[in-house]
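Residues per chain are reported as follows:
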Amino acid sequence: MGEETLEAQQKQVIEEVLSAYPAKAAKNRAKHIGVDSPEGVKGSCDTTKSNKQSVPGVMSERGCAYAGSKGVVWGPIKDMIHISHGPIGCGQYSRGGRRNYYIGTTGVDTFVTMNFSTDFNEKDIVFGGDKKLKKALEEIDELFPLNNGISVQSECPIGLIGDDIQSVAKIHKKETGHQTVAVSCEGFRGVSQSLGHHIANDMIRDHVMPDNSYKKDFESTPYDVSIIGDYNIGGDAWATRILLEEIGLRVIAQWSGDASYKEMAIAPKSKLNLLHCYRSMNYISRHMEQEFGIPWMEYNFFGPSNTTESLRKIAAFFDEKVQKKTEEVIAKYTKMTDEVIAKYKPLLEGKKVMLYVGGLRPRHVIGAYEDLGMEVIGTGYEFAHGDDYKRTKEDLKRSTLIYDDVNEYELGQFVKKMRPDLVAAGVKEKYVFQKMGLPFRQMHSWDYSGPYHGYDAFAVFAKDMDLAMNSPVWNHTKAPWEKEEIGA
Ligand code: SF4
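Computed from a predicted structure; not experimentally measured.

### A word on the site of the ligand
Link 1 in the chain: For the ligand, the full set of nearby residues is C64, Y66, C90, E155, C156 and G187.
Link 2 in the chain: Given that more than half its atoms are within 2 Å of the pocket grid, the ligand belongs to the largest pocket.
Link 3 in the chain: Classifying every residue of the shell around the ligand gives four nonpolar, one polar and one charged.

See below:
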């Protein structure tokens, strides 16, 4: 199909979907949905409205600021204890779902999969929970003496009743000499989890960065780098670390997947910060650049084409020794990834994918699908900002549907009308589409699989996509367009 015809069809689909709304809602949502292509001089990636309040009443798929701070940035720091301050539900329902792998003995020196909560009840809401928090901090230190610090993650009620968590944390730190950071990341702040990332970055800037206790004995090398914005989902940061070490770099910190407090504190000793999830950690990367003069570079380790391009970009920052090793590593793995492509491309070529993920993957994984001969026909973000959409344009290969903060109705309709072979989104969407008879992959935590970063992990990615789409289970169910009028 010609690009103009495709673009016209996609615009028609948008019009049809928006026509179900009252005029005001349609006008609002039209600013978040559009079409763009690599040639589009000014397409949706340049103009789409993002990081705005969701329309009340629609089923937004977004998370909250608490989820952005506790669930994404702070939670994976393995030797600190992150206490969810407020009623039990927020902590319990966000526990362990991200699959941030770590090495350590849980409950002794590492705590990522445990749920710590002040478990607020009615009395705490009425009379305040400061005393309860203080007691919880003391109990944590008594029961888990090997913890390397505590972060207090505020849930919504804390902001509403005005508990002074900053003072409680400050006093506990003074009395025990033990790092204690209060993070005011109440869920109602901002429009999505994105503000929680920013608040969490700011607290790391203010409390962890100035801690010089580990820096004085640190011995630098010219090849020291930090991985920023990799949460080690299913082992992603480990896969990344192996590759970087193979090309001759020394990874001194992983932020924050499988990270220790010490790693967080020594990151300002890096020669280069390597930023994977731009959206959640560009703030701290910019801070380290301004404060300590550390340059930062974005990279993309999804799929062999992106990985090779990124490795060369990283190597160009260092000397010829690293560049030579990088070419050797690329040659070694290209043989392996060519075999993966030879095996899976015939099974996947021409399949169409619609993506809807968080703040990075809607653009970063496009190349990995293309390496397998697949085509991304629609993509969108839960909590992106304008700079994320601008970056997306570079990854588009042809006219693509772009949707920001898409809701359940819109995504369902887009899928019905665009007929992808695979929907790759989050757990809230997973069962909706599977029950529609559509192959689905959960792209926040890799659907209990992974890692997906780097060359080795591409074999896992390719196998997962094949299993998702070519499973015989789909012979026993029908996609909506096979059993009803399209668009009904
Ligand atoms: S919005 Fe508030 S109550 Fe809901 S999960 Fe987030 S912090 Fe908890």
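Now, onward.
### So, a nonpolar patch on the surface
Link 1 in the chain: There is a patch of nonpolar side chains on the surface, built from I125, V126, F127, L160, I161 and F188 and spanning about 630 Å² of accessible area.
Link 2 in the chain: It is helix α6 (residues 122-127) that provides the largest number of residues to the nonpolar patch, a total of three residues.
Link 3 in the chain: Relative to the assigned elements, F188 resides in the loop between β5 (180-183) and α10 (193-208).
Link 4 in the chain: The exposure class assigned to F188 is partly exposed, which follows from its relative accessible area of 44%.

### Comments concerning the pattern of salt bridges
Link 1 in the chain: Under the defined criterion, the tally for this structure stands at 31 salt bridges.
Link 2 in the chain: Between E375 and K352 there is a salt bridge, and its shortest N-O distance comes to 3.9 Å. Separated by 23 residues along the polypeptide, E375 in strand β11 (residues 375-381) and K352 in strand β10 (residues 352-355) bring together distant segments of the chain.
Link 3 in the chain: Of the residues examined, E375 reaches a relative accessible area of 21% and is grouped as partly exposed.

### Comments concerning the state of the cysteines
Link 1 in the chain: Following the criterion strictly, the structure yields zero disulfides and no others.
Link 2 in the chain: Among the cysteines around C277, which has no disulfide bond, C64 carries the closest sulfur, lying 17 Å off.

### Looking at the pairing of β11
Link 1 in the chain: Burial runs high along β11: six of the seven residues are buried.
Link 2 in the chain: Bridge count for β10 against β11 is three bridges, and the pairing is parallel. Bridging from a neighbouring strand, V353 pairs with V376 of β11.
Link 3 in the chain: Where the polypeptide runs from β11 across helix α18 (residues 386-392) and back to strand β12 (residues 400-404), its parallel neighbour, the crossover connection is right-handed.

### Looking at the domain arrangement of the chain
Link 1 in the chain: Examined at the domain level, the chain breaks down into domain 1 (3-60 + 349-448), domain 2 (65-208) and domain 3 (224-328).
Link 2 in the chain: Here domain 1 and domain 3 have C-alpha centroids that lie 29 Å from each other.
Link 3 in the chain: Contacts between the two partners involve 18 residues from domain 1 and, on the opposite side, 15 residues from domain 3.
Link 4 in the chain: Between domain 1 and domain 3 the total buried area reaches about 1400 Å² when both faces are included, carbon and sulfur atoms providing 52% of it.
Link 5 in the chain: It is H364, D371 and W446 that lose the most area in domain 1 upon contact with domain 3, and together they represent 37% of the buried surface on that side.
Link 6 in the chain: Our enumeration of links across domain 1 and domain 3 arrives at four salt bridges.
Link 7 in the chain: Ionic pairing is found between R363 and E298, a salt bridge with its closest N-O pair at 3.6 Å.

### Describing empty space enclosed by the protein
In this approach the atoms are scanned with a rolling probe the size of a water molecule, which exposes any empty space left behind.
Link 1 in the chain: Following the criterion strictly, the structure yields three cavities of 30 Å³ or more and no others.
Link 2 in the chain: Its volume calculated, the largest cavity comes out at about 60 Å³.
Link 3 in the chain: N28, R29, H32, Q53, S54, V55, V58, S60, D405 and N407 together form the lining of the largest cavity.
Link 4 in the chain: For the lining of the largest cavity, a count of residues per class yields two nonpolar, six polar and two charged.
Link 5 in the chain: One number sums up the size of the second largest cavity: a volume of about 40 Å³.

### Overview of helix α21 (residues 454-470)
Count 3.6 residues to each turn of an α-helix, and residues three or four apart come out pointing the same way.
Link 1 in the chain: Taking 1.5 Å as the rise per residue, α21 with 17 residues should run 24 Å; its terminal C-alpha atoms sit 24 Å apart, in good agreement.
Link 2 in the chain: Residues of α21 that are buried: G454, Y455, A457, F458, F461, A462, D464, M465, D466, A468 and M469.
Link 3 in the chain: Packed against the buried residues of α21 are α11 (236-246), α14 (304-315), α15 (320-348), α17 (366-371), β13 (422-425) and β14 (440-442).

The rules behind these values
- Residues numbered from 1 in each chain as written.
- Predicted model: local features only at pLDDT ≥ 70, side-chain atom pairs only at ≥ 80, totals over all residues.
- Heavy atoms only, no water.
- Near = heavy atom within 4 Å.
- 1 Å grid on protein atoms, 1.4 Å probe; cavity = no way out; pocket = protein on both sides within 12 Å on 5 of 7 lines; lining within 4 Å.
- Sits in = over half its atoms within 2 Å of the grid points.
- Nonpolar A, V, L, I, M, F, W, Y, C, P; charged D, E, K, R; others polar.
- Patch = residues over 30% accessible without salt bridge, like charges linked within 9 Å, V, L, I, M, F, W, Y side chains within 5 Å.
- Areas by Shrake-Rupley, 256 points an atom, 1.4 Å probe, with all protein chains shown as cover.
- Salt bridge = Lys/Arg side-chain N within 4 Å of Asp/Glu carboxyl O.
- Helix = DSSP H or I, 4+ residues; strand = E, 2+ residues; numbered from the N terminus.
- Buried < 20%, exposed > 50% of the residue type's maximum accessible area, 1.4 Å probe, protein only.
- Disulfide = S-S within 2.5 Å.
- Pairing = 2+ DSSP bridges.
- Right-handed = clockwise from strand over helix to strand, strands pointing away.
- Domains from an automatic or database assignment.
- Contact = heavy atoms within 4.5 Å.
- Buried area = accessible area lost by both parts, 1.4 Å probe.
- Points joined across faces, edges and corners; volume = space filled by probe spheres on them.
- Expected span 1.5 Å × (residues − 1).

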